[in-house]
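# Structural overview
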Amino acid sequence: MKSLTKFIFFAFCTCLGFGQTMSVTGTVVDDMGNPIEFANVVLMSQDETEVFKGSSTETNGTFSFFDLQANTYVLRVSFIGFEEYFQKIVLTGNLDLKNITLQEASQELDEVSIVVEKPTLKREADRLVFNIENTALVEGTMLQVLKSTPGVLVIGDEITVKNSNPTVYINDRKVNLSSEDLNQLLAGSSANAIKSVEVITNPSAKYDAESGVVVNIVMSKNLITGYRGSVFSNFTQGVFPRYTMGTSHFFKNDDISFNVNYSYSKDKINRDGDDTVNFLNNSNGVDESWRSFTNRNTWVETHNLNTNFDYFISDKSTLSLSSNALYVPYFKYKIGNNTVISDSNSAFLSRFTADNLSRDNKHNLAFDLDFKHNLSKGRLAFNAHYTAYNYERNQNVFSRFFDSNNSFQNATAFNTENNQDTNIFSGKVDFGLPIDDNSNFDIGVKYSNIKTESSLRQFDVDLNSGTETLDVPNSDAFDYDEKIYAAYANYDLNTEKWSVNAGLRMEQTNVEGISPLTNITNTQDYLEWFPNASILYNISEKYNVYSNYKRSIARPSYADLNPFRFFLNDNYVVSGNPFLVPTFTDHFVVGTGITRYFTFEAYYKNYDGAISEIPRQNNATNVIEYISVNFDKSVEFGFDFITGFDVTNSWSVYAVTSFYNFKEETDFGQGAVTQDQWSNYSILQNDFSFLEDRSLNMTFALTWIGKNLQGFQVVENRLASELAISKSILKNKGIISLSVSDLFNFQDFEYSTRYQNQFSFGFTDIDNRYVRLGFRYKFGNTKLESNARSIDTEERERLSRSDK
């Protein structure tokens, strides 16, 4: 592998100095032939995903781009009060476009032309693109935007797409944080710079094999020199008040660009639960029923800092240094539990209370160094990444027990210290080669190394003397070392009739996990191949058909493999499983687009060894253990329908509905267990624009999550609702926003488990009903758009941890 990397690097570097450069010039005028000064002129790739050049017109309306390579480009010209102009260019030599005439827009304000867009939904062969730029949705947080994205479900800290946890990217950079940290990052980050959200159900081979489904948040980019800044703040009233504030700054000239984003949030989150576990006798009849009333409160202060520095070495080469810091100086997690124990006839037997108080301190620091170079034919990119992650938790548990007369009997207490230190390094090289105007070939290699050291110490506390004694059986250490070697090749073709993408990725994985105190060693060594293919055929301008396939992997998280037993109280424990193996998924899709308004799709997903954290009750010891296991087989198939249209010029509607079946099968040692459930997932969203200048916008969305199956647990129906309103003020420099979540109070849910000797059910009340008021103010050169960028690499995704 090292030899292959050196060879590719050497071969690429020999191409750096070759190739003829070309130019594009022109003059921008109005419909009277008068030159337009300061018009924005941008030269983009054919699919408009990459910007090559950006400039403003001179006093005489002229512009020029030099040092260009032979390629197919899209030219975009825009100016205040005029409609945008687009032109496709096939560049084979120096090109003079002569005069480009801009048509005057129908509405114009004194200083700024406000172009209010409606959210649009576009289905491509491998993805769903949800465009929200300049809508009311961008005045909330990134997390709010994800909640409004078709197909994306956010419940608590968990983000899912069709029962799968997607990989979240921002501007094609992976955000590899734990689910809890990712939630804090998205909830504390303003959405004002978001252009669109892409739900990529069939990622190409250039994505890591773990990226079975990708949610890519696409940010707008700065193209013109100057300075731009903004400050924002919002107040949220849920069960308890929450606060977020932040600022963004961007500077760009001919040589450098610098972007910094900072946010601070202070939250208190509430969660209530009413859970019942029926412990069974040998004939699976109810022996005792344990009903627990639980209140969870989380206090957290979070600092997020994201920076990016670009140095334009030349028109062909760019060197970038990026960093992303998440610092949580204050985190308190308090669980209050009262469990009532009764017999099979509901007669009171006893009860106990358990108070759990945890305090955390953690930081997650990531650094990226990138170098990009445009060759005479092709593009070359290098990336080096380093992450330092440190996590410390101190937990105190105090339990009191009462007899059948509800009289106090005795009390117990224990403390735990849990530490985790993780270091991640990765390096990759990517090379893209345009074959012709319509097709490209990409290859790349990657190496990553993850090392983590964890320790858990539990102490029994003597309540009379306060003396702590080490509980050796429930204390342990765990050292984890993972190396992944990867290489890929990918081909894509885009013509008027055909869109084709096919690739193959190879990943060699070496894993060693050692638990010295329990003498457990986990060694894994495997080579796997991951093909993908997408094809779309345009029958006519109104009709198309498409199909795609992808194989992907989901490796166990570091915490899942850790054999620790982390007690929440004397009867509830979270356990790791060092014998977990990866999950392999095969995903097939066929679909058709009818006009530009309707899309129909059918899909099938087969999970080999799906990993799921499930509760397992021990009827002999009355202990409930949360543990991740591999299922023998999981299958999901379904049918989707998507539509979007304008009812009037100021009212648009889009709707998504999916009917699907999910089946799970495994053997827990007492024979095979099989369950399946049909479910429905639907979204109905309405977007409105008001006033003559359309400066008042409103979005109202309903999301229905039907009864569904998750880890042999049936979750009942839920209805999520969201209302978002925004108004531009202060000559379009300020925006005030108001949003309301869970208007009908139907987003909380019931759940139940019933198979073999497992029998439990409950109700969860999540703190998702709130009112949020926000304000954002922009300053500097407000013609500029945001260049916010988030950095991270694939391996940080699995710094996950479960909090019950």
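Now for a look at the structure at hand.

Cut-offs used in this document
Residues numbered from 1 in each chain as written. Predicted model: local features only at pLDDT ≥ 70, side-chain atom pairs only at ≥ 80, totals over all residues. Heavy atoms only, no water. Helix = DSSP H or I, 4+ residues; strand = E, 2+ residues; numbered from the N terminus. Contact = heavy atoms within 4.5 Å. Areas by Shrake-Rupley, 256 points an atom, 1.4 Å probe, with all protein chains shown as cover. Pairing = 2+ DSSP bridges. Axes fitted to C-alpha atoms, helices over the stretch in contact; angles between N-to-C directions. Buried < 20%, exposed > 50% of the residue type's maximum accessible area, 1.4 Å probe, protein only. Phe/Tyr/Trp six-rings, centres within 6.5 Å; stacked < 30°, edge-to-face > 60°. Lys NZ or Arg CZ within 6 Å of the ring centre and 35° of its normal. Patch = residues over 30% accessible without salt bridge, like charges linked within 9 Å, V, L, I, M, F, W, Y side chains within 5 Å. Salt bridge = Lys/Arg side-chain N within 4 Å of Asp/Glu carboxyl O. Core = buried A, V, L, I, M, F, W, Y, C linked by side-chain atoms within 4.5 Å. Polar contact = N/O pair within 3.5 Å; in protein donor to acceptor, adjacent residues only side chain to side chain.

The next subject is the overall build of the chain. Along the chain, the regular secondary structure elements total four helices and 46 strands. The contacts in the chain between residues at least 6 apart in sequence include a share of 66% that link residues at least 24 apart. Accessible area of the chain: about 34700 Å², with a carbon and sulfur share of 54%.

Here we take up the sheet that holds strand β6 (residues 85-91). Across the sheet, four strands lie side by side as β3-β2-β5-β6; this open sheet has antiparallel pairing. Of all strands in the sheet, those bounded by a partner on one side alone are β3 (51-56) and β6. Across the sheet, the axes of successive neighbouring strands diverge by a mean angle of 20 degrees, strand direction being ignored.

Here we take up the environment of Phe-441. Inspection of the secondary structure assignment puts Phe-441 in strand β24 (residues 439-461). The partly exposed category is assigned to Phe-441, whose relative accessible area is 33%. In this structure the C-alpha to C-alpha distance between Phe-441 and Tyr-491, which are 50 residues apart in sequence, comes to 4.6 Å. Among all residues touching Phe-441, those that are not within four sequence positions of it are Phe-431, Gly-432, Leu-433, Ile-435, Ala-489, Asn-490 and Tyr-491.

This part takes up unusual backbone geometry. Positive phi, normally seen in glycine, also occurs at Lys-98, with a value near 60 degrees. One non-glycine residue, Leu-691, lies in the positive phi region at around 70 degrees. On the secondary structure map, Leu-691 appears in the loop between β38 (672-690) and β39 (696-705).

Attention now goes to the packing of aromatic side chains. Inspection of the entire model under this criterion finds 29 aromatic pairs. Taking the centre distance of 5.8 Å and the plane angle of 50 degrees together, the rings of Phe-63 and Phe-65 count as tilted. The class for Phe-63 is buried, based on a relative accessible area of 4%. In this structure Phe-65 comes out as buried when scored by relative accessible area, which is 3%. Seen from their ring centres, Phe-530 and Phe-584 are 6.4 Å apart, and the 15 degrees between their planes marks the pair as stacked. Taken together, the residues Phe-530 in strand β28 (residues 520-538) and Phe-584 in strand β32 (residues 583-594) connect sequence positions 54 residues apart. Of the aromatic side chains, those joined through ring pairs into one cluster are Phe-279, Trp-290, Phe-352 and Phe-401. The ring of Phe-331 carries Lys-362 above its face, with NZ or CZ at 5.5 Å from the centroid. Lying over the aromatic face of Phe-668, Arg-616 brings its terminal NZ or CZ to 4.2 Å of the ring centre.

All right, on to a nonpolar patch on the surface then. Together, Tyr-227, Phe-251, Phe-258, Phe-309, Tyr-311, Ile-313, Leu-319, Leu-321 and Leu-369 line one region of the surface with nonpolar side chains, adding up to about 760 Å² of accessible area. Within the residue set of the nonpolar patch, elements represented by two or more residues are β19 (286-312) and β20 (317-343). Looking at Phe-251, the relative accessible area reads 34%, which means it is partly exposed.

It is worth spelling out the sheet that holds strand β34 (residues 611-618) at this point. If you walk across this open sheet you meet the four strands as β30-β31-β35-β34, and the pairing is mixed. Looking at the sheet topology across the chains shown, the edges are occupied by β30 (565-567) and β34. The average undirected angle you get between the axes of adjacent strands in this sheet is 25 degrees. Relative to strand β31 (residues 572-575), β30 runs antiparallel, the two being bridged by three bridges. Bridge pairing in β31 places Phe-566 opposite Val-574.

Here we take up the pattern of salt bridges. Applying the stated rule across the entire model yields 16 salt bridges. With a closest N to O distance of 3.2 Å, Asp-208 and Lys-446 form a salt bridge. Placement of Asp-208 in the loop between β14 (194-200) and β15 (214-219) and of Lys-446 in strand β24 is noted, with a sequence separation of 238 residues between them. Lys-446 shares its class with Asp-208; the two are buried. If you follow the salt bridges from partner to partner, you end up with Asp-208, Glu-210, Lys-446, Arg-505, Glu-507 and Arg-555 in one network.

Of all hydrophobic cores here, the largest spans 32 residues; its most connected members are Met-142, Leu-146, Val-152, Ile-159, Leu-186, Ile-194 and Ile-217. At the level of elements, β9 (127-131), α2 (142-148), β12 (167-170), α3 (179-187), β14, β15, β37 (651-667) and β38 are the ones that each hand at least two residues to this core. In terms of residue count, the dominant contributor to this core is α2 (four residues). Ranked by size, the runner-up nonpolar core spans 21 residues in total, among them Trp-290, Phe-352, Phe-478 and Tyr-480.

Along the chain, Ile-539 turns up in the loop between β28 and β29 (543-554). The exposure class assigned to Ile-539 is partly exposed, which follows from its relative accessible area of 44%. Those residues in contact with Ile-539 that sit more than four places away from it in its chain are Lys-497, Asn-544 and Val-545.

This part covers the side chain of Thr-387. Mapped onto the secondary structure, Thr-387 falls in strand β22 (residues 378-402). Separated by 2.6 Å, the side chains of Thr-387 and His-385 make a polar contact.

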